[in-house]
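Descriptive analysis of the structure
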Amino acid sequence: MNKKDIANIRKQFKINNDLLKIHEIFNVYIMKESSEIYHQESLPFDLLEEEQKELFMANFKKVLSGQLDEKLFELKFQRDVENSSQFILHQGLLSNDSEEWKSQMLQMVEKMLKDKQYEMDIVVTFIRGEYMKAAKRKSEESDESERDSVYSNSFILCSMNKTQDPKKELVFDYVEKEFKYNFVVDPIINLKAPISGFLFPCFTDNAQDVNHVLYSAGKAYELNYHFIEEVLNAEETMTAQEDKIVFEEIVKKVAGDQMNTSTLSNVYEEIHQVMEENEEEEIPKLDYKDVENVLKSSGVNDVESEKVEEAFKTVIDDEKYELKASSIVPKYTSKSIKIKTKAADISVSPQDLRHLRQVEFNGKLFLMIEVEGNTEIEGFEMIPEALFGKAKETEE
């Protein structure tokens, strides 16, 4: 799934939406002390009160919120796994019987409880429903409405939520005219911050992909590998953060630890160009040959295929590994690059990085920023100062 596919289904989670039909909701309460099911409840989603529907809809949106490869991950199921979660979920997707579906979801809960001790009581929520996406009109002149033709896809969504103790509060009783201690024993289910979840199957355009599952982490870059491997039976994945670190280490192996801002800006621009050329297609990936071409085009000297291939083997132990282009480049048009110095912190976009230079003058290092006009600080226009004379030619 790409970010457009995820956004399309996420925005459908609202009440009274004819493009999304949730058939059933199944809640399972798990005790932390025993790691056992304390209670389970299944009922048609339409029987919930409106306030409950609103809470759950917001919760499901949270599961599908976040950036790909940071908080959301499209994972491939492992092959040849006994009691495969892919098979269980697929059977649940095809099942028309409520009891049979509950039985299959309980098998998923058993996997969540196996060899796992939670720090708090957990509520696992499953829903099964139907997501409909309006087909595009055949032509602008066509009288056919977007709603006259739709693609319909069944799905299962899971959300895991922790509980928390109720607040101890002092309340005022209007009738008795006295202050009272408000004592509530019922735990609160925190639906605002799911700790994990998934969507099955994945959707690409209008097609279902039952070989992949969309995993949702509780927080960006904090993956639950027990959930990925033991519950979903999916293959391990790399986060965008890890991909970026791998790329940086590979470049250091090839080009060295030092690089001027102009060359680094060229590297980012080359990769950004690859992303723009493949904007409508699958997220582009870079193998060692692609990295070699990027570095050569960016002006890095002494780049050889064998050197880049060996860097891949050393850093990631896989010369055939492919890096996601979107993970490597900081957000291109925003000030996503942070430069910290003792005097000031500066934020700059990758495309503007070329306007920065680190220079040496009188034995001291200076960070020089090219500006288009005079700079204003606290309402005062700065006076240009003739600080540098003509410098001798140096290699950048």
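Residues numbered from 1 in each chain as written. Predicted model: local features only at pLDDT ≥ 70, side-chain atom pairs only at ≥ 80, totals over all residues. Heavy atoms only, no water.

Under an unreviewed UniProt entry, the name given to the protein is DUF4317 domain-containing protein, and the organism recorded is Virgibacillus indicus.

This brings us to the overall build of the protein. Secondary structure assignment for the protein yields 10 helices and 20 strands. Since a compact globule built from 396 residues should have a radius of gyration of about 21 Å, the 27 Å found for the protein marks it as more spread out than a globular shape. A principal-axis box enclosing the C-alpha atoms of the protein has dimensions of 80 × 65 × 55 Å. Taking as baseline every contact in the protein between residues at least 6 positions apart, the subset at least 24 positions apart corresponds to 65%. (Helix = DSSP H or I, 4+ residues; strand = E, 2+ residues; numbered from the N terminus. Rg over C-alpha atoms; globule rule 2.2 N^0.38 Å. Contact = heavy atoms within 4.5 Å.)

Core analysis: the largest hydrophobic core is formed by 34 residues, its most contacted members being Met-112, Phe-126, Phe-198, Tyr-215 and Leu-232. In terms of residue count, the dominant contributor to this core is helix α4 (residues 98-113) (seven residues). Residue contacts for Leu-232: discarding those within four places in its chain leaves Leu-75, Phe-77, Ser-85, Met-108, Phe-198, Val-213, Tyr-215 and Phe-227. If you look at the next biggest cluster of nonpolar residues, it comprises 27 residues, including Ile-271, Leu-286, Val-308 and Leu-356. (Core = buried A, V, L, I, M, F, W, Y, C linked by side-chain atoms within 4.5 Å. Buried < 20%, exposed > 50% of the residue type's maximum accessible area, 1.4 Å probe, protein only.)

Here we come to a nonpolar patch on the surface. A cluster of nonpolar side chains, namely Leu-170, Phe-172, Tyr-174, Val-175, Phe-179, Tyr-181 and Phe-183, defines an oily patch on the protein surface of about 960 Å² accessible area. Listed by contribution, the elements that provide at least two residues to the nonpolar patch are β6 (169-173) and β7 (178-182). With respect to the helices and strands, the residue Phe-179 is situated in strand β7. Its relative accessible area of 62% is what places Phe-179 among the exposed residues. (Patch = residues over 30% accessible without salt bridge, like charges linked within 9 Å, V, L, I, M, F, W, Y side chains within 5 Å. Areas by Shrake-Rupley, 256 points an atom, 1.4 Å probe, with all protein chains shown as cover. Salt bridge = Lys/Arg side-chain N within 4 Å of Asp/Glu carboxyl O.)

This paragraph deals with the side chain of Ser-95. Within the element layout of this structure, Ser-95 appears in the loop between α3 (85-94) and α4. Contacts of Ser-95, omitting those with residues within four sequence positions, involve Glu-100, Trp-101, Gln-104 and Arg-128.

Further remarks concern the packing of α3 against α4. The contact between α3 and α4 brings their axes to 9 Å, and the two run at 155°. One finds that α3 runs roughly antiparallel with respect to α4. Every pair of crossing elements has a handedness; the one defined by α3 and α4 is left-handed. Mapping the contact onto sequence places Ser-85, Ile-88, Leu-89, Gln-91 and Gly-92 in α3 and Trp-101, Gln-104, Met-105, Gln-107, Met-108 and Lys-111 in α4. Its residues placed into classes, the contact of α3 with α4 shows five nonpolar, five polar and one charged. (Axes fitted to C-alpha atoms, helices over the stretch in contact; angles between N-to-C directions. Parallel < 35°, antiparallel > 145°, perpendicular 65-115°, else oblique. Left-handed = near helix turned anticlockwise from the far one by under 90°. Nonpolar A, V, L, I, M, F, W, Y, C, P; charged D, E, K, R; others polar.)

A few words now on the pattern of salt bridges. This model, assessed by the stated rule, comprises 12 salt bridges. Among the salt bridges present, the one from Asp-69 reaches Lys-324, with a minimum N-O distance of 2.9 Å. Of this pair, Asp-69 sits in the loop between α2 (50-63) and β3 (72-76) while Lys-324 sits in strand β14 (residues 323-324), and the two are 255 residues apart along the sequence. The buried category is assigned to Asp-69, whose relative accessible area is 5%. With relative accessibility at 23%, the residue Lys-324 sits in the partly exposed group. Residue Glu-249 is joined to Lys-252 by a salt bridge in which the shortest nitrogen-to-oxygen separation is 3.8 Å. Placement of the pair is Glu-249 and Lys-252 together in helix α6 (residues 240-255), with a separation of three residues, close to one helical turn. For Glu-249, a relative accessible area of 33% puts it in the partly exposed group.

The next subject is the pairing of strand β18 (residues 364-369). Here strand β17 (residues 356-361) pairs with β18 via six bridges, running antiparallel. Paired with Gln-358 across the two strands is Leu-367, which belongs to β18. Taken together, β17 and the strand that follows it, β18, pair antiparallel across an intervening segment of two residues, in which Asn-362 is found at a positive phi of about 50°. (Pairing = 2+ DSSP bridges.)

Attention now goes to the packing of aromatic side chains. Enumeration according to the criterion identifies 15 aromatic pairs in this entry. Centre to centre, the rings of Phe-361 and Phe-366 are 6.3 Å apart; their planes meet at 65°, and the pair counts as edge-to-face. Overall, the relative accessible area of 30% leaves Phe-366 in the partly exposed class. Three or more aromatic residues joined by ring pairs make a cluster, and in this case those are Phe-13, Phe-56, Phe-60 and Phe-155. (Phe/Tyr/Trp six-rings, centres within 6.5 Å; stacked < 30°, edge-to-face > 60°.)

All right, on to the packing of helix α7 (residues 261-277) against helix α8 (residues 288-297) then. Taken N-terminus to C-terminus, the directions of α7 and α8 make an angle of 130°; their axes are 8 Å apart at the nearest point. Overall, the two elements α7 and α8 adopt an arrangement that is oblique. The element α7 and its partner α8 pack so that their crossing is right-handed. Where α7 approaches α8, its residues Val-267, Glu-270 and Ile-271 are matched on the opposing element by Val-294, Leu-295 and Ser-297.

Moving on, we get to α2. End to end, α2 covers 20 Å across 14 residues, agreeing with the expected 20 Å (1.5 Å per residue, within 8%). Looking only at α2, the buried set comprises Lys-53, Phe-56, Met-57, Asn-59, Phe-60 and Val-63. Buried residues of α2 fall within an arc of 160° about the axis and therefore sit on the same side. Across α2 from its buried face, at more than 90 degrees, point the exposed residues Glu-51 and Leu-55. Where α2 is buried, its residues contact β1 (20-31), β3, β4 (122-134), β5 (150-164), β9 (196-200) and β12 (212-217). (Expected span 1.5 Å × (residues − 1). Arc of directions from axis to C-beta.)

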